[in-house]
Each structure stands twice: as structure tokens, then as C-alpha cells.
Amino acid sequence: MFKKVAIITFIVIGTASLSFANGAVHHNSSQTTMIGSFFGVVPTTTVTDTASSADDTTSVTNTGADDTTPQADIPGTSTLVTADIHNKIKRAGDITSTVSKGRNNQANAASVVVTGRSNVSGKLMNTVKTNGDLTAIVRGGRNNIANAGSISIKGAVSSGKIINEVKNTGDITSAVSKGRNNQANAASVAIN
Amino acid sequence: MKLLIAVVFLPTLLCPISGQCSDLLGLQMENRITSGEYTAKVEGSNNTVNAGSVMISAPNGGKVVNRVHAAGRVSATASGSDNLVNSGSVVMRNSRSADVSNRIEAQSITNTVNGNNNTSNIGSVVMDHADGGSIDYSLKAENLASTIHGTNNRLNVGAVQVNGAGLGDVVEHVDMNNVSVSVSGSNKDVAVDSVILK
């Protein structure tokens, strides 16, 4: 009996995962921007993302008033990550992640982010080697997150090992200017 | 046997569907940073800023390692109300871990807090309603300057703050040359090179 329940449960999770394979946007009125980052993936084997390019800058900007639309979760959806994830950045420029105003936005640069209904059982690795600066900034708004050279997990189930390694000869800046309930992470591991 | 398997594994399987099972099952975390200058700055209210830090606000069970080597200055600033700024620190809230290791090395450290109900941590380990094993931390810096103004603010530099938590052995290694601390206001809580248990 339990085997049947377990099999059915796996099928439900697997189906939900596939339907949400690229589900970077979990909520209405949300924006997600990534550079050299992993977010909401469903790998079946070890995944390594290697990036090397000029200066990377990712930003999310909402110049209007705060969006008052409440968050609307999608019921019954999940992301199942069973393999190792290795985000490897080798570069010589600056990495900047910025969110300006708005609500429920996320800007990620050279980061590994797992959010929402995710179950991670493998290893999460974020390796950043650069001569430039790492900057994560949130300017105003509410419930926004900016990650630069970081690993961030929110509302997810995880087991295994998390390794964030940043070899950087530049400066690391993390800042929130005004606003409410915002978070900026630079070269950090944040579990919420 | 089947009942045991169901009790142990079924909640784990169902967590992604329920969506609110934020949990870290025996997770081991390592944050290793080598860089120039660090700046962590926050304004407004209820904001959090982390630079070269590990912050955990969820159940855990593994080992936490934070290594930061900064060639230049480490700066953490909080102004406004109810803000949390962490630089080169490990902060655990409502969590459980095995051992915690936090080792920070920098040329100079500047820590400033203005406003009300703010917390600023540099090179510190803070456990708020969190259980842990042993704590091993070290802070090495040439110059330290800290300023705190306002009410109900907390400033930790090279300190261990434990609030309502079970705790193992605490081993500290603090090496600072010039230390300057300026304090005004009321109900402030300043800890430099200290171990505070509440």
C-alpha cells in the first residue's frame, strides 16, 4: 500500500516539477533577472554552468508606484532538484545586481538561488573568481532581493552541502537604501 | 516497518507540494570569501543586508563555516529602524546547527548604527533562539572604530551573542590593535571581543 502511495506521490511531484521547469516567476507582479545564475531548474544529472565574459550587470526597475497586487501562489507546483548544481564564474570584470523600487522583485548575479516549493537533495556550489567588484543593491520598494556572488534559499527543502566560494580581489558591496522588508546579499549564504 | 518508512519519508515527499516546509536537513554550509573592501549598508525599516556572511532563519542540523579574508576595510552601517546588517558574521535565528566556525581577517573595521532597534554585526556569531554545538570564531584586524546612536540598538564586533539557546564550547581568538567605540542614546547593547549569554 505504501509503495503505491509513494509512487503516486513521486508522479505528482515529477509532473508538477516538469510543468514548472522554467518557473522563475512564482507570483503575479514579480520579475526575476539572472546573470550566470541558477534558479528553479530541474536537473537529472550534475549541472555545471560556466560563464566568462565582460562586465555583467543585472537590474530590475519599477519606476511607478508600488504594485498593490497581492502574491498569488500557484497551488500544487514544486521544483525537484536531485542532482548537484555548480555555478562557476571565471571572469575579470565587475558583477552588479540591482533592484529599484517595485515589489517582490529579484535580481541575481553570479548566484545560486532556490525559492518556493523546491526540494534540493544534491550539492549547491557557487564558485566565483574575478578581479572585479561584487555589488548587490536594493533601492526602495518592498520585499525585493538582490544577490551577487551568493547562495540564497527561501522556503525550500534542502539537504546535502552548500558551498559558496568567492575569490575576488575587488570590493564587495551589499546595500539597501530605503524601502521595507528588502534584502541584499553579497558574497553571502542566506537561508530564510 | 512500513509505518516507520511512511512517518520518516512521507513528510519530506509532501513538503514541496505544501510549499511552506522551509527546512534544511543536515545541511552543511561553507562560505569562503577572499576580497578587497567590504561594505554593508542599510537604510529604511525591516531590511537585511549581508556581506561575507551566513544568515540562517530556518531549521538546520549541519555544520556552518564562514571564512572571510579582506585585504582592505570592512564597513557595516545601519540607519532607520528594525534593520539588520551583517558583515563577516554568522547569524542564526530559530535554527539548529552542529558546530559553527567563523574566521574573519581584515585591515580595518568600521561599524555605525543610527536610529532605533537596529542590529549591526561584524565578525560575530549571533544565535537568537537557536541551538548549536561548539562555536569557534576569530577576528583579526589592525584598527576598529564603532559608533552607535539612538535607542534599542545592538552592535557586535568580534563577539558571540547567544539568546535563549543551548550551546556547546565557545573558543574565541580576537586580535585587534587600535579600538575606538562611541556610544550615545538609551538601551544600547555593545559587545566588542565579548561573549554574551542571555
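Note that this is a predicted model, so its numbers are computed, not measured.

**Some thoughts on the overall build of chain A**
Assigned secondary structure in chain A consists of one helix and 18 strands. Looking at chain A as a whole, 51% of its 192 residues are labelled buried.

**Notes on the overall build of chain B**
The helix and strand tally for chain B stands at one helix and 17 strands. A total of 198 residues make up chain B; the buried ones form 45% of that total. Intrachain contacts of chain B at a sequence separation of at least 6 include 84% that bridge at least 24 residues.

**Observations regarding unusual backbone geometry**
Residues and elements named next belong to chain A. Here the phi dihedral of lysine 101 falls at roughly 55°; this positive angle occurs in a residue that is not glycine. On the secondary structure map, lysine 101 appears in the loop between β7 (95–100) and β8 (105–109). The phi dihedral of asparagine 104 is positive, around 55°, even though this residue is not glycine. Considering the arrangement of structural elements, one finds asparagine 104 in the loop between β7 and β8. The exposure class assigned to asparagine 104 is buried, which follows from the 23 C-beta atoms found within 10 Å.

**Overview of the environment of alanine 76 of chain B**
Residue and element names in this part refer to chain B. Relative to the helices and strands, alanine 76 is located in strand β6 (residues 73–81). A count of 31 C-beta atoms within 10 Å places alanine 76 in the buried class. Counting along the chain gives 70 residues from alanine 76 to serine 146, while the straight-line C-alpha distance between them is 9.5 Å. Aside from chain neighbours lying at most four places away, what touches alanine 76 is Ala40, Val85, Ser87, Asn111, Ser120 and Ile122.

**Observations concerning the environment of glutamate 165 of chain A**
With respect to the element layout, glutamate 165 of chain A can be found in strand β15 (residues 157–168). Sequence-wise, glutamate 165 of chain A and serine 188 of chain A are 23 residues apart; in three dimensions their C-alpha atoms are separated by 9.3 Å. Contacts of glutamate 165 of chain A, omitting those with residues within four sequence positions, involve Thr127 of chain A together with Arg32 of chain B.

**Remarks on the nonpolar core**
Within soluble globular proteins, side chains that are nonpolar tend to cluster in buried spots. In this structure, Ala146, Ala148, Ala184 and Ala186 of chain A together with Val49 and Val125 of chain B are the most contacted members of the largest nonpolar core, which totals 79 residues. No other element matches strand β12 (residues 135–148) of chain B, which puts six residues into this core. Among all residues touching alanine 186 of chain A, those that are not within four sequence positions of it are Leu134, Thr135, Ala136, Ala148, Gly149, Ser150, Ile172, Thr173 and Ser174 of chain A together with Ala51 of chain B.

**Description of the confidence of the model for chain B**
Residues and elements named next belong to chain B. Scored by pLDDT, chain B comes out at a mean of 80, with 84% of its residues at no less than 70. pLDDT under 50 marks residues 3–22. Its contacts with residues more than four places away, or in other chains, come to 30 contacts. In the predicted assembly, ipTM is 0.79 and pTM is 0.75.

**A closer look at the pairing of strand β11 (residues 124–130) of chain A**
All names here are of chain A. Judged by how many residues are buried, β11 sits mostly within the fold: five of seven residues are covered. Note: strand β6 (residues 85–90) against β11, six bridges, orientation parallel. Paired with isoleucine 89 across the strands is valine 128, a residue of β11.

About the thresholds
Numbering of residues begins from 1 in every chain and follows the order in which that chain's sequence is written. All chains are assigned letters beginning with A, and all ligands numbers beginning with 1, in the order in which they are written. This being a predicted model, a pLDDT of at least 70 is required before a residue's local features are given, and a value of 80 or more before pairs of side-chain atoms are given or counted; all residues contribute to the totals for chains, interfaces and linings. Labels follow the DSSP assignment, with helices taken as runs of H or I lasting at least four residues and strands as runs of E lasting at least two, numbered in each case from the N terminus. Three exposure classes are used. Buried residues have 20 or more other C-beta atoms within 10 Å of their own C-beta, exposed residues have 12 or fewer, and partly exposed residues fall in between, all C-beta atoms being placed from the backbone. Here contacts are defined at the residue level, using C-beta atoms placed from the backbone and a cut-off of 7 Å between them. The nonpolar core is taken to be a set of buried Ala, Val, Leu, Ile, Met, Phe, Trp, Tyr and Cys residues joined by way of C-beta atoms within 7 Å. Per-residue confidence from the predictor is reported as pLDDT, a score between 0 and 100. Here a strand pair is declared whenever DSSP counts at least two bridges between the two strands.

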